[in-house]
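# Structure at a glance
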Amino acid sequence: MIKLLVIILPAFLAATFSAHADPAITLSVDDVRSPFLNAKGIQASLTGPKASLLEVQLGEVAVQGKVWRDLRFSCHKFQVADGLIRCDEGVLRLASSAPLPVSFRFSSRHKTLDIKIRTASNEGSEDWRLSVQWGKPIWEGMLTIANGNAARIAEFVPIGEKEILSTPVTGKGKINGAVKLHGDADGLAGIEADLAVDGLTFSDASGLHAGEDISGQINVKAQRDASEKAHLWKWQADASWPRGEVFWQPLYFAGQGQRLSASGELNENIIRILDGKLLLSGIGEVDLSGVIERPANTVRDFDLSADNLKLSMLFSQVLKPFFVNTPFAELKAAGHAGIKWRYRNSAHELLHINLHDVSVEDERGRFAFRGVNARIPWEVQGADKIHEPTKADIHIQSGELGRIPIGQLHIPLVMDGLNFSIPRLTMPVLDGELTLENFSASPQADGKLQGWRWQFSGGLAPVSMQKLTEALGAQPMQGTLSGEIPMVSYNGSTVEVQGALLFKVFDGTALLWNLKVLDPFGPAASLMADVDMRNLDLNLLTGTFSFGKIQGRVDVAVHDLELFNWKPVKFDASLMSSPGNYPRRISQAAVQNISSLGGFGAAAAIQRSFLHFFDDFGYSKIGWSCSLRNGICRMGGIESEPLQHGYLIVKGGGIPAITVIGYNREVDWWELVNRLQRITHADAKPVFQ
């Protein structure tokens with residue numbers, strides 16, 4: 001504004017001295033151009049006694065490409081004498097800002113300009129002072145700020161920079177310090193700023209960016225390179241942040257002595273960071289460099305490297321916010337990490353990660369790994385390089401999958417760009433081994449599903465059921481668990497087994513097929529499967545659960561099984577005696593427990609007859625079924641032996657024989673589960689050899 005006055009005031013002065021004592025002069029100018037400043041839509045007037053009232057309106061002002069619109073300036077004590085232009089009571093108004101009291105002195109003889117903005121409020125006085133002195137061909141200026149209102153800066157931000165902000169920003173805080181300027185006929189040539197902010201608070205309408213009680217120190221130096229025609233600037237900056245809080249979606253930081261120092265170059269097209277160091281309190285030091293394209297302010301190139309970063313703070317403050325709504329949202333980590341990242345032409349090119357004595361734990365208890373040491377050199381091979389996959393070296397000392405402990409583990413990960421593979425992995429599980437073969441993972445290519453897809457096959461070497469059930473906190477079982485794992489795949493939302501999982505348990509076989517898990521890593525996973533178990537040893541099965549002793553073998557089928565959040569909501573289950581010749585005896589305790597589930601007729605018959613003198617009985621067939629729908633289990637018995645009333649659960653055979661009949665056809669599922677829990681925990685704990 002003052003620079004513009006210097007341009008237009010000579011026209012006023014010539015008219016004023018040629019007019020009468022109380023002139024009234026109006027000047028309209030459509031366009032003013034100079035190497036430093038351009039202006040459009042100028043309206044100016046001098047009125048009042050001795051031309052003491054000056055009013056200026058500007059439609060648009062551009063200073064070295066920065067644009068302001070709708071500016072107004074008025075001065076009620078305007079004086080011109082002996083080459084001195086003076087205003088003691090001026091008011092400056094921008095389009096959306098409050099009026100600012102301004103005074104200035106311009107001396108054409110001494111080639112100086114002094115501008116002052118001073119306000120007073122309950123929070124104290126606020127002073128902004130700009131002093132400029134010029135000659136040929138250079139000029140110098142100094143801006144000093146005392147208790148400046150931080151929100152004032154947002155009021156004077158040029159229109160182009162305001163458009164970068166997605167939503168309006170409001171705030172408060174104080175600024176103190178000085179800014180030195182110098183230039184020449186081509187405009188600004190150098191700047192040196194030393195500023196301190198205190199109590200800075202800001203927020204935007206979206207709620208995605210906010211700060212509270214921020215204090216810090218900012219030092220900036222920039223010099224225009226006179227040898228460059230494109231007005232290339234060389235700069236260096238240093239900033240410290242000892243106090244305050246910032247939320248910048250999705251990150252949250254508290255000021256604890258963080259420090260950033262950097263140097264580089266900039267022009268109207270790019271900002272280049274040549275040498276940057278970022279000190280993050282409690283995390284470590286990071287070296288960085290890169291290129292930011294203007295005016296969109298997008299990152300084109302970037303390099304970042306750091307050693308011995310404290311992983312617990314790095315994960316909680318920087319990484320974890322990006323894992324919200326992912327399977328890793330509830331992770332916590334400890335240990336140290338090194339990182340090297342290279343980003344070129346808006347694409348990831350290299351990421352090297354080194355982990356030292358790291359532990360990773362899922363707070364939902366799904367998995368945990370301890371003593372992790374790894375070297376992971378991931379790279380994307382360019383067209384001008386020989387294409388050769390890289391290999392990671394990952395060692396894990398111990399861990400858990402759910403409640404199941406795993407032993408020392410080595411993962412030979414092969415990385416071919418974004419395609420990952422493990423030829424073979426052997427994982428110690430209790431006293432057995434879980435083997436994974438031909439594991440591969442890659443990002444989705446068809447665009448239909450988000451995330452990654454992976455697949456593997458493998459097998460499980462014999463694991464002690466006693467050790468497994470102890471680890472799971474379940475009723476102890478005998479025998480071993482082993483099996484084959486066919487191809488298992490994940491497509492970004494569903495885990496699917498392409499074939500049948502075959503296991504050996506309770507001296508029989510178990511076949512799990514049509515297995516699908518929807519949203520397996522989400523808060524409410526769904527599972528669908530069919531299960532067929534053949535020739536299970538009832539003596540091992542019932543003895544394990546304190547149900548009462550039953551000799552014999554059974555086949556179990558669970559079809560159309562559906563679990564939601566790992567709880568059953570639908571299935572058709574049946575238990576039937578296996579075909580073949582084998583001993584078939586049932587204890588009195590087992591009869592009582594069965595009858596308490598399906599009816600009381602059998603138990604009453606034992607108490608009223610001589611049968612209560614016997615500890616066990618013979619039977620020829622056992623059968624029971626449950627069809628679960630809407631929380632209700634509809635029960636049945638041996639289908640080949642229909643009854644007019646009730647259903648046959650145990651058909652007697654041998655001497656002495658016992659028959660068990662059930663009468664309750666429909667039972668609330670969770671009530672049935674509670675009955676089973678009471679039955680299996682009522683007796684003394686058994687010991688099995």
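Here, the structure is the one placed above.
On a predicted model such as this, the values are computed, not experimentally measured, just so you know. (Residues numbered from 1 in each chain as written. Predicted model: local features only at pLDDT ≥ 70, side-chain atom pairs only at ≥ 80, totals over all residues. Heavy atoms only, no water.)

### Some thoughts on the side chain of D537
Rule in force here: Helix and strand assignments follow DSSP, with helices taken as H or I runs no shorter than four residues and strands as E runs no shorter than two, numbered in order from the N terminus. In this scheme, a residue with accessible area under 20% of its type's maximum is buried, one over 50% is exposed, and one in between is partly exposed, where area comes from a 1.4 Å probe on protein chains only. In this charge count, Lys and Arg are treated as positive and Asp and Glu as negative; neither His nor the chain ends contribute. Any Lys or Arg side-chain nitrogen located within 4 Å of an Asp or Glu carboxyl oxygen qualifies as a salt bridge. Throughout this description, a polar contact denotes any pair of N or O atoms lying within 3.5 Å of each other; where both atoms belong to protein, one of them has to be capable of donating a hydrogen while the other can accept it, and for residues adjacent in sequence the pair is counted only when both atoms sit in side chains.
Along the chain, D537 turns up in strand β33 (residues 526-537). At 4.0 Å, R553 is the nearest oppositely charged side chain to D537, a buried residue that forms no salt bridge. Engagement of the side chain of D537 in a polar contact is seen with the backbone nitrogen of N539, the distance being 2.8 Å.

### Regarding helix α4 (residues 311-319)
Given 3.6 residues per helical turn, the α-helix brings residues three or four places apart onto the same face. As a reminder, the rule being used: Any two residues whose heavy atoms approach within 4.5 Å are treated as being in contact.
Among the residues making up α4, those that are buried are L311, L314, F315, Q317 and V318. Tucked inside the fold, the buried residues of α4 contact β15 (251-254), β19 (298-310), β20 (331-344) and β21 (347-362).

### Focus on the pattern of salt bridges
Counted according to the given criterion, the structure contains 29 salt bridges. Note that E666 and R634 form a salt bridge whose closest N and O atoms lie 3.4 Å from each other. Residue E666 is found in strand β42 (residues 666-668), and its partner R634 is found in strand β39 (residues 632-636); the two are separated by 32 residues along the sequence. Since its relative accessible area comes to 53%, E666 is described here as exposed. On the basis of relative accessibility, which here comes to 45%, the residue R634 falls in the partly exposed class. Where K651 meets E641, a salt bridge forms, and the shortest distance between an N and an O atom there is 2.9 Å. Taken together, the residues span a long stretch of sequence, with K651 in strand β40 (residues 647-652) and E641 in the loop between β39 and β40 at a distance of 10 residues.

### With respect to the state of the cysteines
Quick note on the threshold: Working definition: a disulfide is two cysteine sulfur atoms within 2.5 Å of each other.
Taken as a whole and judged by the stated rule, the model has two disulfides. Note that C75 is cross-linked by a disulfide to C87, the S-S spacing being 2.0 Å. Across the S-S bond linking C75 and C87, the dihedral sits near 120°, which makes this disulfide right-handed. On the criterion of sequence distance, the pair formed by C75 in strand β4 (residues 66-75) and C87 in strand β6 (residues 84-93) is long-range, its members being 12 residues apart. An identical accessibility class is assigned to C75 and C87; each is buried. Across the disulfide from C626 sits C633; the S-S distance is 2.0 Å. The buried category is assigned to C626, whose relative accessible area is 2%. Its relative accessible area of 0% is what places C633 among the buried residues. Taken in N- to C-terminal order, the disulfide-linked cysteines of the protein chain are connected 1-2, 3-4.

Remember that the coordinates give geometry; whether it matters functionally is a separate question.
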